[in-house]
2 protein chains.
Amino acid sequence: MDFNTSLFNDLQSRKECLQNEMQKSGVDACILTTGVNVFYVAGSIYNGYFYLPAEGEAFHFLKRTTEAVLENAIFIRKPEQIVEELEKRGLPLPKKVLLEVDTLSFTECSRLISSLQVTETVNASVLLRQLRSVKSEFEISQVRECARKHVEVYKQIPHLYKKGMTDLELQFEIEHLMRKHGSLGIFRSYGANMDIYMGSLLVGENAESPSPFDFALGGKGGNPILPLGACGEAIKQGDAIMVDMAGNYGAWMTDMTRVFSVGKLSDLAYKAHEVSREIHEIIKQNTKQGTACADLYNTAMDLVKKNDLEAYFMGTKLQAKFVGHGVGLEINEPPVLTPRSKEVFISNTVFALEPKFVIPNVGAVGVENTYLVHDDSIENLTVLEESIIDLEK
Amino acid sequence: MDFNTSLFNDLQSRKECLQNEMQKSGVDACILTTGVNVFYVAGSIYNGYFYLPAEGEAFHFLKRTTEAVLENAIFIRKPEQIVEELEKRGLPLPKKVLLEVDTLSFTECSRLISSLQVTETVNASVLLRQLRSVKSEFEISQVRECARKHVEVYKQIPHLYKKGMTDLELQFEIEHLMRKHGSLGIFRSYGANMDIYMGSLLVGENAESPSPFDFALGGKGGNPILPLGACGEAIKQGDAIMVDMAGNYGAWMTDMTRVFSVGKLSDLAYKAHEVSREIHEIIKQNTKQGTACADLYNTAMDLVKKNDLEAYFMGTKLQAKFVGHGVGLEINEPPVLTPRSKEVFISNTVFALEPKFVIPNVGAVGVENTYLVHDDSIENLTVLEESIIDLEK
C-alpha cells in the first residue's frame, strides 16, 4: 500500500476510534487544536480547530489558509464563529465536549467553553495520548524507518570524536550528522517542563547535576536559560559519554542511548552498565501484550537492589522514578513505566526502556532501546552494539 | 559591574517593577511558573512556582531540587501545598492574583485557582511580556553580545555554499556554524503556533508556500509534521536565498535576515529588496522614544504602495499583517508593528524590523535588523552588508 493510501486508511480508523470513545462516554463533540493532535486526526498541521461530532463527518475550522486538501474546510477568524457555522448547517451545539484541557492555555480553553456554551468538558489531552500510544501498521513502519536512521547515525559516533573536544563540541558533530540523515531538528515532547535541543549528551560528573526538566537524567547545560545536558567542559580520560540524542527522523520518533568512554572507566561503571543490559534481557524475555507496566519498573528495581546499585539508579542527587515511557509523535507518550503504574501493555505499543546509572566522577551508563509490543513478545527496534565503546581504541 | 552583580541588581528592580504594577492594580500576589518568566524574576529556571506578594519578599515553591542559590526556597510536591505553607508563615491567602493565563494549561491554571481559592485573576502573561520588553543596561549588553555573534556567523555564510546543494543542506551548515559560535539551539518563541527549528531558510518558489505557523513568511518544510521553511529542493540559478536564522546565542536574542542569490535575480527582486532597505532607512530617521508603533507599519506600507509592490509584501498567497516585533527572551515580544497597534516606543525597547517581499519564481527578499530604541533615535544592532550577495561570485 502506498504512503497516501495508508495515511488515508489511518485517518479513517483514528476517526472511528475517537467516535467510538465519544459514544461510549456520551460526549457530543471533540475539538482539537494543538499541532500534534491535529496532525494525528487530519493528516497535516493547520492553524485552526478540528471539530468531530460523535457521529458524522469532521469539520476543519481554519484560521489560516493551508495547502493541505481537506474535506469540510471552513474559514473562520475567531473561535466564536464555530457556533454560527454549526448553526448555519443545522447542527446542534455540543454540550459535553472533549477539549485539550492539559495543553490548551487557560485563556484559549475558557474562550472555547464560553463561546460554545459547553456544560461539561472531558480531557481530550489524555484520551488522544492514549489512542496515539497504540500504533497502526503504517505508524510502525514509520517508527522502524526512524529507528533505522537512529542506528545508522549512532554507528558513526566513534568517528566524530577527537581528543580534547568538549562535550558540546561532540554534540554539535552528532547533531550535524543527524540533520544530514534527515533529523527534523524539532524534538517533540509533552508537558511544560521538557525544554531540550536535539537530545542529551552527558559526560563525566556533569551527569550528576540535576535539571529542572522532566527527563530521566539532568546535566547543567551551557547557559542558565537552558539548564540541561552538555555544559561545555572538556572530555577527559576516564569519562563516560552517554549519548541520548533524538530519534526525530520523521513524525514518529524513537529513543535510544549508548555509552562511550575515553579510556578505561571504573569497575563500578562497567558493572552498572552490565546490570542495565541484564535488565533489558530479563524484561525482553518476560514482556508481551498484557504485561503490567509496573512489572518492568519492579523487575529493574529488583536487579538494581540485588546488585547494591540503588544509590546510582536513574541519578544520584535527583533520581527519576520511572524506567521507560511510550514513544511516538511525542518522545514521552503513555505508558510511563513507574512502580505504581496501573497500565498494561497492548500489542503495537512502542516504548523506550532506559535503566540508567550515574556513577560519581565517571558519568552516566546504561542502555536505552525502543521496543515494539507484540502479542507474545517484545521486539527491539534499535538493535546496535550495547557494550561501552572506548573512543581511544 | 560583573555579571552576577548586574544580574542581582536586575532581579531586584524587576521585583520592584512587578510589585509596583501589582499595587497599582490592587493585586495581592503573582504566581509564575513558565520557564522564561521564572528565569526573568528568579535568575534561573526551576520546576515550581515563583510567588510574589504585593509587598515583601518572594518565595520559591520548588517541585524539584535545583542547584541555584535561592532565598526563601520551599519544597512542595503539589501546588495545593502553597496554601499550607503560606498559612504556616501567617501570610494571608491572595484573592486577586496575577496568573499566566495565556500560557499555563487550563488544567494547571484551574488547579491553582481552586487550591488558592482565587476570586479574581489578572493576566500575568501580558504583564510580564510588557515588563520584559523594556531592557536594562545588563540586558542590552546581552543583546549586543548576541548580535555580535549573529553578525559573525552571517559573514561566513558565503563560504558555506556549494553548487548543487539543497536548501536544507545549506541550512545544516549554517546551523553547525551557529552552534560552534555558541547558539543554544533552542529558539524560544511565544504562542502555540510557533514551531521552528533554529530559524528559517527560504529558497526560490518555496517562499510562496503558506505555513500554518505565525511567522512573517512560510515555506512548506521537509515533513508534514513541520510545515515551515526549507523543503529539501536543490538551489538553482536565479534563486533568492533568504536567511533568517536564529540569533539565539544567549538568553536574550536578536533577529536578522540577509539575502543571497545564485547568479542574477529578476529586476523586480532587486527593486523590492531596495525598497526594503529604503523602508529601514526612513524608519531609522524617524523613530525614537515616543514614536507610535503603527507609524512604522504605515511608513512601510506607503513605500510599498508607492512602488506598486503590495502583491508581494510579506508574502503572496498569505500576507502577514505586521512588519516587525519586539525581541528578547522570546523571539516575538511586544510591541508588534501592525497598522492598528496602540503601542508607543519606550527607550531601551529592542525590536526587529523585517519588511520582506516574496517574488514569484525567485524567492524572498528584504532585510531584517534588530534595533534598540533610544530617547532620540534608534540604533541598528545587527550592522552588516545589506545588499544581495551573489554566492557564485
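Residues numbered from 1 in each chain as written. Chains lettered and ligands numbered in written order. Predicted model: local features only at pLDDT ≥ 70, side-chain atom pairs only at ≥ 80, totals over all residues. Heavy atoms only, no water.

## Examining the sheet that holds strand 3 (residues 59-62) of chain B
All names here are of chain B. The line we're drawing: By this definition, two strands are paired if DSSP reports at least two bridges between them. Under the scheme used here, helices are H or I runs from DSSP no shorter than 4 residues and strands are E runs no shorter than 2 residues, and both carry numbers assigned from the N terminus. Interaxial angle, 0 to 180 degrees, is taken between N-to-C directions of lines fitted to C-alpha atoms, where a helix line uses only the stretch in contact. The contact definition used throughout considers only heavy atoms, calling two residues in contact when any of these lie within 4.5 Å.
Ordered in space as 4-3-2-1-5-6, the 6 strands form an open sheet in which the pairing is mixed. Of all the strands in the sheet, just strand 4 (73-75) and strand 6 (120-123) have a single pairing partner and so form its edges. The average undirected angle you get between the axes of adjacent strands in this sheet is 25 degrees. Packing against the sheet, helix 5 (residues 124-133) makes contact with strand 1 (29-32), strand 5 (96-99) and strand 6, and its axis sits at approximately 30 degrees to strand 6.

## Description of the nonpolar core
Across soluble globular proteins, nonpolar side chains show a tendency to be buried alongside one another. Our working definition: Residues belong to a common nonpolar core when they are buried Ala, Val, Leu, Ile, Met, Phe, Trp, Tyr or Cys residues joined through side-chain atoms within 4.5 Å. Per-residue accessibility, obtained with a 1.4 Å probe over protein chains only, is compared with the maximum for each type, and a residue is labelled buried under 20%, exposed over 50%, and partly exposed between these values.
Core analysis: the largest hydrophobic core is formed by 152 residues, its most contacted members being Leu18 and Ile241 of chain A together with Leu18 and Ile241 of chain B. Setting aside residues no more than four positions away along its own chain, Leu18 of chain A makes contact with Cys30, Leu32, Val41, Leu52, Leu98, Leu127, Leu128 and Leu131 of chain A. Core analysis: the second largest hydrophobic core is formed by 42 residues, Val97 of chain A together with Phe61, Cys109 and Ile113 of chain B among them.

## Re the UniProt feature "domain: Creatinase N-terminal" (unreviewed entry) in chain A
The criterion, for reference: UniProt positions are given in the numbering used here, feature names are shortened, and annotations may be inferred rather than shown by experiment.
As recorded in UniProt, the sites labelled "domain: Creatinase N-terminal" (unreviewed entry) are residues 14-134 of chain A. A distance of 11 Å separates the end C-alpha atoms of residues 14-134 of chain A, which is 39% helix and 21% strand.

## Observations regarding the interface of chain B and chain A
Going by this rule: Summed over both partners, the accessible area lost on bringing two parts together, with a 1.4 Å probe, is the buried area. One speaks of a salt bridge when a side-chain nitrogen belonging to Lys or Arg is within 4 Å of a carboxyl oxygen belonging to Asp or Glu. Think of a polar contact as two N or O atoms within 3.5 Å of one another; within protein, one of them needs to be a possible hydrogen donor and the other a possible acceptor, and neighboring residues in sequence only count if both atoms come from side chains. For this scheme, ten residues count as nonpolar: Ala, Val, Leu, Ile, Met, Phe, Trp, Tyr, Cys and Pro. Four count as charged, namely Asp, Glu, Lys and Arg, and the remainder, Gly too, count as polar.
At the interface, 51 residues of chain B touch 51 residues of chain A. Together chain B and chain A conceal approximately 4,600 Å² of surface at their shared face, both sides included; 59% is due to carbon and sulfur atoms. The largest share of the area that chain B buries against chain A comes from Phe106, Arg179 and Ile225 of chain B, three residues that together contribute 17% of it. Put simply, Glu175 of chain A and Arg179 of chain B hold a salt bridge, and the shortest N to O gap is 2.6 Å. At the junction of chain B with chain A, the criterion picks out 18 residue pairs in polar contact (both at pLDDT 80 or more). No other element matches the 7 residues that helix 8 (residues 167-180) of chain B contributes to the side of chain B that touches chain A. A per-class count over the side of chain B that touches chain A returns 25 nonpolar, 15 polar and 11 charged.

## Let's talk about the environment of Val358 of chain A
All names here are of chain A. Within the secondary structure layout, Val358 lies in strand 13 (residues 356-359). We classify Val358 as buried; its relative accessible area is 0%. Here the alpha-carbon distance between Val358 and Met242, two residues 116 residues apart in the chain, equals 10 Å. Filtering out sequence-adjacent residues up to four positions away, Val358 remains in contact with Ala207, Glu208, Leu217, Tyr312, Gly315, Thr316, Gly363 and Ala364.

## Describing the domain arrangement of chain A
Residue and element names in this part refer to chain A. Which entries qualify depends on this criterion: Marked domain ranges trace back to an automatic or database domain assignment.
Domain boundaries assigned for chain A yield domain 1 (3-132) and domain 2 (134-390). Each partner contributes to the interface: domain 1 provides 16 residues, whereas domain 2 provides 15 residues. Here domain 1 meets domain 2 over a buried area of about 1,300 Å², counting both sides, of which 57% is carbon and sulfur. When the buried area of domain 1 at its contact with domain 2 is split by residue, Val36, Arg129 and Arg132 rank highest and sum to 46% of it. Salt-bridge contacts for Glu330 lead to Arg129; the nearest nitrogen and oxygen are separated by 3.4 Å. Counting the contacts that link domain 1 with domain 2 gives 9 residue pairs in polar contact (both at pLDDT 80 or more). Of all the secondary-structure elements, those providing two or more residues to the side of domain 1 that touches domain 2 are helix 1 (3-24), helix 2 (35-42) and helix 5 (124-133).

## Description of the packing of aromatic side chains
Spelled out, the test is: Only rings of Phe, Tyr and Trp enter the pairing, Trp through its six-membered ring, and a pair is recorded when the two centres are within 6.5 Å. The plane angle decides the type: under 30 degrees is stacked, over 60 is edge-to-face, the rest tilted. We call a charge positioned over a ring when the NZ of a Lys or the CZ of an Arg lies within 6 Å of the ring centre and within 35 degrees of the ring normal.
If you walk through the whole model with that rule in mind, you get 15 aromatic pairs over all chains. Judged by centre distance (5.5 Å) and plane angle (15 degrees), the rings of Phe106 of chain A and Phe106 of chain B are stacked. On the criterion of chain membership, the pair formed by Phe106 of chain A in helix 4 (residues 106-115) and Phe106 of chain B in helix 4 (residues 106-115) is interchain, its members lying in two chains. With relative accessibility at 17%, the residue Phe106 of chain A sits in the buried group. Aromatic ring contacts, followed pair by pair, group Phe39, Phe138 and Trp252 of chain A into a single cluster. Sitting over the face of the ring of Tyr190 of chain A, Arg129 of chain A holds its NZ or CZ atom 3.6 Å from the ring centroid. One Lys or Arg, Arg14 of chain B, reaches over the ring of Tyr40 of chain B and ends 4.4 Å from the middle of that ring.

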